[in-house]
Amino acid sequence: MTSTRSTRFPERVAAPGKGGIGASPLRPDGTLKVKGEFAYSSDLWMDGMLWGTTLRSPHPRARILAIDIAPALALPGVHAVLTCDDVPGRKHYGLDHTWDQPVLAIGEVRHQGEPIALVAADHPEIARRAMQAIEIEWEVLEPVTDPVAVVDDPVTHRVQERGGIARHQPVRVGDVEVGRALAEVVVSEKFEVGIQDQAFLGPESGLVVPTEDGGLEFFVATQWMHNDLSQIGPCLRLPYEKIRMTLAGVGGAFGGREDLSMQIHAGMLAMYTGRPIKMMYNREESFFGHVHRHPAQMWYEYGATRDGKLTFAKVKIVLDGGAYTSATLNVTGNASSLALGPYEFPHLEVDAYGVYTNNPPCGAMRGFGAVQACFAHESMMDKLAAALGLDPVHIRQINVVAQGSTLATGQVVHAPTPLREMLGQLETMPLPEPLDTDDIRNLPGGASQTTHGEGVVRGIGYGVGIKNICFSEGFDDYSTARVRLEVVAGEPVALVHTAAAEVGQGLVTVEAQIARTELGVDRVTIHPADNGVGDAGSSSASRQTYMTGGAVKTACEAVRARVLELAVAQGHADAANLVGGKVIARNGAVLAALVDVLDEGVVEETRVYQHRPTTGMDPVTGQGDSHTQLAVCVHRAVVDVDTELGLVKVVALDAVQDVGKIMNRLSLEGQIHGGSVQGLGLAVMEEIQVTDGKVRNPSFTDYLIPTILDTPSQRLEILENADPHAPYGLRGAGEPPTLSSTPAIVSAIRQACRAAGGTGHLTRVPVRPEDIIRSC
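Residues numbered from 1 in each chain as written. Predicted model: local features only at pLDDT ≥ 70, side-chain atom pairs only at ≥ 80, totals over all residues. Heavy atoms only, no water.

A. Main features of the packing of helix 10 (residues 370–388) against helix 18 (residues 736–755). Closest axis-to-axis distance for the helix 10/helix 18 pair is 8 Å, and the angle between their directions is 35°. Note that helix 10 runs across helix 18; the crossing there is right-handed. Together, Ala370, Val371, Cys374, Phe375, Glu378, Ser379 and Asp382 of helix 10 and Thr738, Leu739, Ser740, Thr742, Pro743, Val746, Ser747 and Arg750 of helix 18 make up the contact between the two elements. Broken down by class, the residue content of the contact of helix 10 with helix 18 amounts to seven nonpolar, five polar and three charged. (Axes fitted to C-alpha atoms, helices over the stretch in contact; angles between N-to-C directions. Helix = DSSP H or I, 4+ residues; strand = E, 2+ residues; numbered from the N terminus. Left-handed = near helix turned anticlockwise from the far one by under 90°. Contact = heavy atoms within 4.5 Å. Nonpolar A, V, L, I, M, F, W, Y, C, P; charged D, E, K, R; others polar.)

Right, here's the structure in full:
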């Protein structure tokens, strides 16, 4: 059930017509995916191809004393066995020019699952047997697994040559001791967030094909082709012009495909054998083949006056990045800048650390540093409200930012969302019906019949999340689009070409909607994403509709201007109608004029779109205009808790979110629902279990993700308060619901525990049954 409140944006936008902006045309891939007919990267096939596989380390930390590949090469059907000595070019790669991750282990492994050797064979089973036949002599070393010990003594707990701490980012405003003196109530707590996996259903996979000119064609599932290219080329010692990358079908991403997985490995095998190479991870290998969400340990202390006004905050956040840098530098920046959420503090002291350990590598995941901080700052607002005897919604309304407010980093809030009003809307939404014990599926534990309603208590909780949109801290963020307008069979047709990765978010649909709106044509084709056009940046940070949408819009405007030029030059009386803000090709006379204008050729324009500039964070004070845009979502969770068995049923997960402009309602609602459920998973079930650096549950049997039976009903209020700096006034929408849903659910569990006479002391996610029993 959805309702919408809109605020007009003063930019002229043509009527949606047949699938323009504001309409909800169905996704072209939707039906195929539902019916199981969509071609994912794991479905790729080519005659004569070989199968590649990867030998991975069983140890979190060890030296490789000797490696013998002869037994593997001796097996019939094996065409290649490669180690680090066979890497053609640079032996390291990495995001953001860190270049610290070995293509294949060089003398030492730093995490369980680190790649050591590659095999190419006629059949995947032969490749697996050959992999198992490789003999390695190890010197097992004691792993560094305590990230807090790294912060306390980074020299002793050195994992990398560069040291134990990847980044320390402080944020300072005012004087904490002054704020402490003003406080009438002070509360403090330590919080923990476990390792969450992106848990995308499509495993890492792809096909690499040698070309006649000595180059390679890559068909891979990724989030950022040009960034992949910048790492693949140097490692394979191939010039960029000899590498062709085409996006294959992506079965989900959520940040887990920003880092390379099989790309360089398959490229090496293809170059060595001269044959097409297919690589496809099984589910267990996938857990080792991509990064995860950073686990966090966080210490928070807040002070406030008796009426609930915040006076100071002191925060320490330790993020475990695992063995290699990946996105840890940026995740740490996000965690520090958003550590206190959308609240005003006159005095604050934040220290965020991203560190190296021999635990599983961590990097980008939906919410990107803000998720961890949100769980802590929302839990603290609840704790402070309880200490002051105030309503948890009211204390948030007292302290949230508004127009002209400054965030912890000194960034002034512009084009704000009305947070106070949003919280009020959320609070007045209808609550679900009382617990119905007649249908056992409604109870915690569900059809397993662990309870019949005895000991079940209902709780309600709230959460507020704020997330930066697009890349931050001075990153040169841009996207490129090429738009072509021509006449085919007497009708104008637009072709949109970008390198933006469609990872399930519905981007190809929005690109077509923008072209229909801006050009007025019905027929729009989206060119397959490849590196034959300029960089579109990553499908992450909720940025593609903003950035690539902005690029498509700008390119369409250039096409319109060129059509007008041609029309005027040819003396068409209907020239003004051709670009009366848009090419209105549905009008018969105008259509005829347009066809005449374009009859001898096409109009094609390429444009690069950039958002307003940002700055880095000061390394000492953390101050800076570091974010392009901020988006917020607020959640109310209703849960039923079996206080005797520690079981939870999330009954409702209602949300209010400001999106600036609804581009495609159907896709937008799917993003909010999906993000909310991913936050639910972190709240009560999803965690990679690690002991002494080793993963204990690398499967979907033991790593649990929410199913349809765990998914509650969700009322949505979608607001449209336009951001004047963004295309159409839109705000990125995919990440904010992932932030606020987790603390809202945990807050509701706490309330249920307190209602049952317990303490409700829950400080770690995911919440486990034993935690609930202990706190109830």
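Picking up after the structure, the text goes on.
B. Spatial organisation of the sheet that holds strand 14 (residues 243–247). Strand order in the open sheet formed by seven strands is 4-8-2-15-12-13-14, with mixed pairing between adjacent strands. The open sheet has two free edges, formed respectively by strand 4 (78–82) and strand 14, since each of these has just one partner strand. Strand-to-strand twist of the sheet, defined as the mean angle between neighbouring strand axes without regard to direction, takes the value 20°. Here strand 4 runs beside strand 8 (residues 115–121); their pairing, made up of four bridges, is antiparallel. Residue pairing for strand 8: leucine 82 is matched across the bridge by leucine 118. Across the face of the sheet, helix 6 (residues 225–236) comes into contact with strand 13 (216–220) and strand 14 while running at roughly 145° to strand 14. Across the sheet, helix 7 (residues 263–273) lies against strand 2 (50–56), strand 4, strand 8, strand 12 (205–210), strand 13 and strand 15 (277–280), angled at about 125° from strand 4, the strand it touches most. (Pairing = 2+ DSSP bridges.)

C. Fine view of the pattern of salt bridges. With the rule as written, the count across this model stands at 38 salt bridges. Between glutamate 473 and arginine 167 there is a salt bridge, with its nearest N and O atoms 2.9 Å apart. Pair noted here: glutamate 473 is in the loop between strand 19 (456–469) and strand 20 (478–488) and arginine 167 is in strand 10 (residues 165–173), with a separation of 306 residues, a long-range link. Between arginine 543 and aspartate 477 there is a salt bridge, with the nearest N and O atoms lying 2.8 Å from each other. (Salt bridge = Lys/Arg side-chain N within 4 Å of Asp/Glu carboxyl O.)

D. Region of the structure containing the environment of aspartate 439. Within the secondary structure, aspartate 439 is located in the loop between helix 12 (419–428) and strand 19. It is 46 Å that separates the C-alpha atoms of aspartate 439 and aspartate 723, two residues lying 284 residues apart in sequence.

E. Main features of the layout of surface pockets. By volume, the second largest pocket amounts to about 850 Å³. In terms of lining, the second largest pocket is formed by 31 residues, of which the most central are Gly445, Val648, Val684, Met685 and Asp710. Residue assignment for the lining of the second largest pocket shows that the elements contributing at least two residues are strand 25 (647–658), helix 17 (665–684) and helix 19 (769–775). In terms of residue count, the dominant contributor to the lining of the second largest pocket is strand 25 (four residues). Of the residues contributing to the lining of the second largest pocket, the split by class is 17 nonpolar, seven polar and seven charged. (1 Å grid on protein atoms, 1.4 Å probe; cavity = no way out; pocket = protein on both sides within 12 Å on 5 of 7 lines; lining within 4 Å. Points joined across faces, edges and corners; volume = space filled by probe spheres on them.)

F. Up close: the state of the cysteines. For the coordinates displayed, the defined rule picks out one disulfide. Paired by a disulfide, cysteine 753 and cysteine 776 hold their sulfur atoms 2.3 Å apart. Between cysteine 753 and cysteine 776 the sulfur-sulfur dihedral comes to about -60°; the bridge is accordingly left-handed. Residue cysteine 753 is located in helix 18, and its partner cysteine 776 is located in the segment after helix 19; the two are separated by 23 residues in the primary sequence. Looking at cysteine 556, it has no disulfide partner, and the nearest cysteine sulfur is the one in cysteine 470, 19 Å off. Cysteine 556 sits in the buried class, given a relative accessible area of 0%. (Disulfide = S-S within 2.5 Å. Buried < 20%, exposed > 50% of the residue type's maximum accessible area, 1.4 Å probe, protein only.)

G. Focus on helix 14 (residues 544–569). Spanning 26 residues, helix 14 covers 36 Å between terminal C-alpha atoms, matching the ideal 38 Å at 1.5 Å per step. Looking at the residues trailing helix 14, positive phi occurs at glycine 571, about 75°. (Expected span 1.5 Å × (residues − 1).)

H. Seen up close, helix 13 (residues 507–519). Between its terminal C-alpha atoms helix 13 stretches 18 Å, which fits the 18 Å expected from 13 residues at 1.5 Å a residue. Burial analysis of helix 13 places twelve of its 13 residues in the buried class, the great majority of the element. Those residues of helix 13 not exposed but buried are Leu507, Thr509, Val510, Glu511, Ala512, Gln513, Ile514, Ala515, Arg516, Thr517, Glu518 and Leu519. The inward-facing, buried residues of helix 13 contact strand 20, strand 21 (491–497), strand 22 (523–526) and helix 14.

I. Expanded view of the packing of aromatic side chains. Applying the stated criterion across every chain, the model contains twelve aromatic pairs. Here the aromatic rings of phenylalanine 191 and tyrosine 300 are separated by 6.2 Å at their centres, their planes lie at 80°, and the arrangement is edge-to-face. On the criterion of sequence distance, the pair formed by phenylalanine 191 in strand 11 (residues 185–193) and tyrosine 300 in strand 16 (residues 296–304) is long-range, its members being 109 residues apart. We classify tyrosine 300 as buried; its relative accessible area is 2%. By the ring-pair criterion, three or more aromatic residues cluster together here, those being Phe191, Tyr300, Tyr302, Phe345 and Phe375. Looking at arginine 543, its charged tip hangs above the ring of phenylalanine 471, at a distance of 5.0 Å from the centre. (Phe/Tyr/Trp six-rings, centres within 6.5 Å; stacked < 30°, edge-to-face > 60°. Lys NZ or Arg CZ within 6 Å of the ring centre and 35° of its normal.)

J. Structural context of the side chain of serine 337. In this structure, serine 337 sits in helix 9 (residues 328–337). In this structure the side chain of serine 337 is engaged in a polar contact, spanning 2.9 Å, whose partner is the side chain of histidine 627. Residues within four places of serine 337 in sequence aside, it is in contact with Ala408, Thr409, Met617 and His627. (Polar contact = N/O pair within 3.5 Å; in protein donor to acceptor, adjacent residues only side chain to side chain.)

K. Structural context of the pairing of strand 21. Among the seven residues that make up strand 21, five are buried, leaving the element largely enclosed by the rest of the structure. With seven bridges joining them, strand 20 and strand 21 adopt antiparallel strand pairing. Bridge pairing in strand 21 links arginine 482 to histidine 497. Of the strand pairs in this sheet, strand 21 and strand 22 are connected by four bridges, and their pairing is parallel. Opposite valine 493, over in strand 22, you have arginine 523 as the bridge partner.

L. Examining the nonpolar core more closely. The biggest cluster of nonpolar side chains holds 82 residues, and the ones touching the most others in it are Tyr300, Tyr302, Ile317, Leu340 and Ile745. When residues in this core are grouped by element, the largest group, eleven residues, is from helix 10. Setting aside residues up to four positions removed in sequence, leucine 340 forms contacts with Tyr300, Tyr302, Ala313, Val315, Phe345, Leu348, Val350, His377 and Ala408. Membership of the second largest hydrophobic core comes to 45 residues, among which are Leu229, Leu236, Leu238 and Ala500. (Core = buried A, V, L, I, M, F, W, Y, C linked by side-chain atoms within 4.5 Å.)

M. Expanded view of the side chain of arginine 293. Within the secondary structure, arginine 293 is located in the loop between helix 8 (283–289) and strand 16. We note that arginine 293 is buried and unpaired, the nearest opposite charge coming from glutamate 735 at a distance of 7.2 Å. A distance of 2.8 Å separates the side chain of arginine 293 from the backbone oxygen of arginine 366, its partner in a polar contact. Ignoring anything within four residues of it in the chain, the contact list for arginine 293 reads Ile195, Gln196, Cys362, Met365, Arg366, Gly367, Phe368, Val371, Gln372, Leu682 and Thr738. (Lys, Arg positive; Asp, Glu negative; His and termini not counted.)

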